[in-house]
Amino acid sequence: MDLKLLGEVFVTLLVILDPPGAVPIFLALTGTMTREHRHRAALQAVALAFGVIVAFALVGRQILQYLHIDLPALQGAGGLLLLLVALELLTGKTDDQRNEVTTNVALVPLGTPLLAGPGAIVATMLFVRRADAWSGYAAVAIGIVAVMLVVWLVLRFSGVLVRILRPSGIEVLTRIAGLLVAAIAVQLLADAIGAFVTEYLHQPH
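In this text the structure is predicted, and so the values were computed from the model without any measurement.

How each quantity is defined
Residues numbered from 1 in each chain as written. Predicted model: local features only at pLDDT ≥ 70, side-chain atom pairs only at ≥ 80, totals over all residues. Heavy atoms only, no water. 1 Å grid on protein atoms, 1.4 Å probe; cavity = no way out; pocket = protein on both sides within 12 Å on 5 of 7 lines; lining within 4 Å. Points joined across faces, edges and corners; volume = space filled by probe spheres on them. Helix = DSSP H or I, 4+ residues; strand = E, 2+ residues; numbered from the N terminus. Nonpolar A, V, L, I, M, F, W, Y, C, P; charged D, E, K, R; others polar. Expected span 1.5 Å × (residues − 1). Buried < 20%, exposed > 50% of the residue type's maximum accessible area, 1.4 Å probe, protein only. Core = buried A, V, L, I, M, F, W, Y, C linked by side-chain atoms within 4.5 Å. Contact = heavy atoms within 4.5 Å. Phe/Tyr/Trp six-rings, centres within 6.5 Å; stacked < 30°, edge-to-face > 60°. Axes fitted to C-alpha atoms, helices over the stretch in contact; angles between N-to-C directions. Parallel < 35°, antiparallel > 145°, perpendicular 65-115°, else oblique. Left-handed = near helix turned anticlockwise from the far one by under 90°.

K.L.:
Looking at this structure, I do not really get the layout of surface pockets. What am I missing?
P.N.:
In this approach the atoms are scanned with a rolling probe the size of a water molecule, which exposes any empty space left behind. Approximately 490 Å³ is the volume attributed to the largest pocket. Counting only elements with at least two residues in the lining of the largest pocket, the list comes to helix H1 (3–17), helix H2 (19–30), helix H4 (71–91), helix H5 (102–115), helix H6 (118–130) and helix H8 (159–201). Residue contributions to the lining of the largest pocket peak at 5 residues, all from H8. Of the residues contributing to the lining of the largest pocket, the split by class is 16 nonpolar, 5 polar and 2 charged.

Below, the structure written as structure tokens:
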């Protein structure tokens, strides 16, 4: 077992996924749900994020090459999707629908692109590229599983905050989460545009 690679995978993905930072957004989207629905949403979000990250770890490069998609394009798409979610949170349009869209909220935007976003996908693809033996692949796999377990535990027990904040607190948290999601979306779009500009400038003319 490549313990050094395992540690790097765990720490890197934990920082990128940022479970404490995901809690306000998770509560904003699920705060009015029942306890059972909220727990199910947490499990579905983590399961989808795990599936997406594993899929890109295995065949991500081949998929992107086949579709002629650059990584900046993936970043830009994630940024646009998050921007739409942020606008809904800021305007309060999701308030009346939240109980009816448990599955949708768990899958998009929680599972992807908030958890399994461009950063996590790219980092995982780079770690897989570095692994040159079964010990390396095992380290990457265990690191991904460990991070996803931590994320699930954080989201699973975030319901304690719901009881503390009450509906009025959840509404305030929703607006704050919308602002945070908008900032993440703008950063993703800025990074994507910067990458495209850099690539264009380095092309021979």
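K.L.:
Please explain H6 as it appears in this structure.
P.N.:
For an α-helix, 3.6 residues make a turn, and residues three or four places apart therefore share a direction. Helix length check: H6 (13 residues) gives 18 Å between terminal C-alpha atoms against 18 Å at 1.5 Å per residue, within 8%. Looking only at H6, the buried set comprises Pro 118, Ala 120, Ile 121, Ala 123, Thr 124, Met 125, Phe 127 and Val 128.

K.L.:
Would you mind showing me how to read the nonpolar core here?
P.N.:
Generally speaking, soluble globular proteins have nonpolar side chains that are buried together. The biggest cluster of nonpolar side chains holds 54 residues, and the ones touching the most others in it are Leu 115 and Leu 155. Sorting the residues of this core by element identifies H1, H2, helix H3 (35–67), H4, H5, H6, helix H7 (134–156) and H8 as the ones contributing at least two each. Ranked by the residues each element gives to this core, the list is headed by H3, at 10 residues. When neighbours within four sequence positions are excluded, Leu 115 is seen to be in contact with Leu 17, Ala 22, Ala 45, Val 46, Ala 49, Leu 110, Ala 120, Val 151 and Leu 155.

K.L.:
Is there a simple way to think about the packing of aromatic side chains in this case?
P.N.:
Between two aromatic rings, the relevant description is the distance of the centres plus the angle of the planes. Evaluation of the coordinates by the stated rule reveals 1 aromatic pair. Plain terms: the ring middles of Trp 134 and Tyr 137 are 5.9 Å apart, the flat faces sit at 70 degrees to each other, and that makes the pair edge-to-face. Of this pair, Trp 134 and Tyr 137 both sit in helix H7, 3 residues apart, which is roughly one turn of that helix. Using a relative accessible area of 75% as the deciding quantity, one classes Trp 134 as exposed. Exposure remark for Tyr 137: the relative accessible area of 39% places this residue in the partly exposed category.

K.L.:
Explain unusual backbone geometry to me, please; I cannot follow it from the model alone.
P.N.:
Glycine aside, negative phi is the norm for most residues, and most peptide bonds take the trans geometry. With an omega dihedral of 10 degrees, the bond running from Val 108 to Pro 109 counts as a cis peptide bond. Here Pro 109 lies in helix H5. A cis geometry characterises the amide bond from Thr 112 onward to Pro 113, with omega recorded as 10 degrees. Relative to the elements of secondary structure, Pro 113 occurs in helix H5. The residue Asp 18 is not glycine, and still its phi comes out positive at about 50 degrees. Take Asp 18: it is sitting in the loop between H1 and H2. Residue classification places Asp 18 among the partly exposed positions, given a relative accessible area of 37%.

K.L.:
Can you help me understand the packing of H2 against H3 in this one?
P.N.:
Describing two packed helices takes the angle between their axes plus the distance from one axis to the other. Between H2 and H3, whose axes approach to 11 Å, the crossing angle comes to 130 degrees. The orientation of H2 relative to H3 falls into the category oblique. Relative to H3, the crossing made by H2 is right-handed. Side by side, H2 and H3 meet where Phe 26, Leu 27 and Thr 30 of the first sit next to Arg 38, Ala 41 and Ala 42 of the second. By residue class, the composition of the contact of H2 with H3 is 4 nonpolar, 1 polar and 1 charged.

So far we have only geometry, and geometry alone does not tell us how the molecule works.
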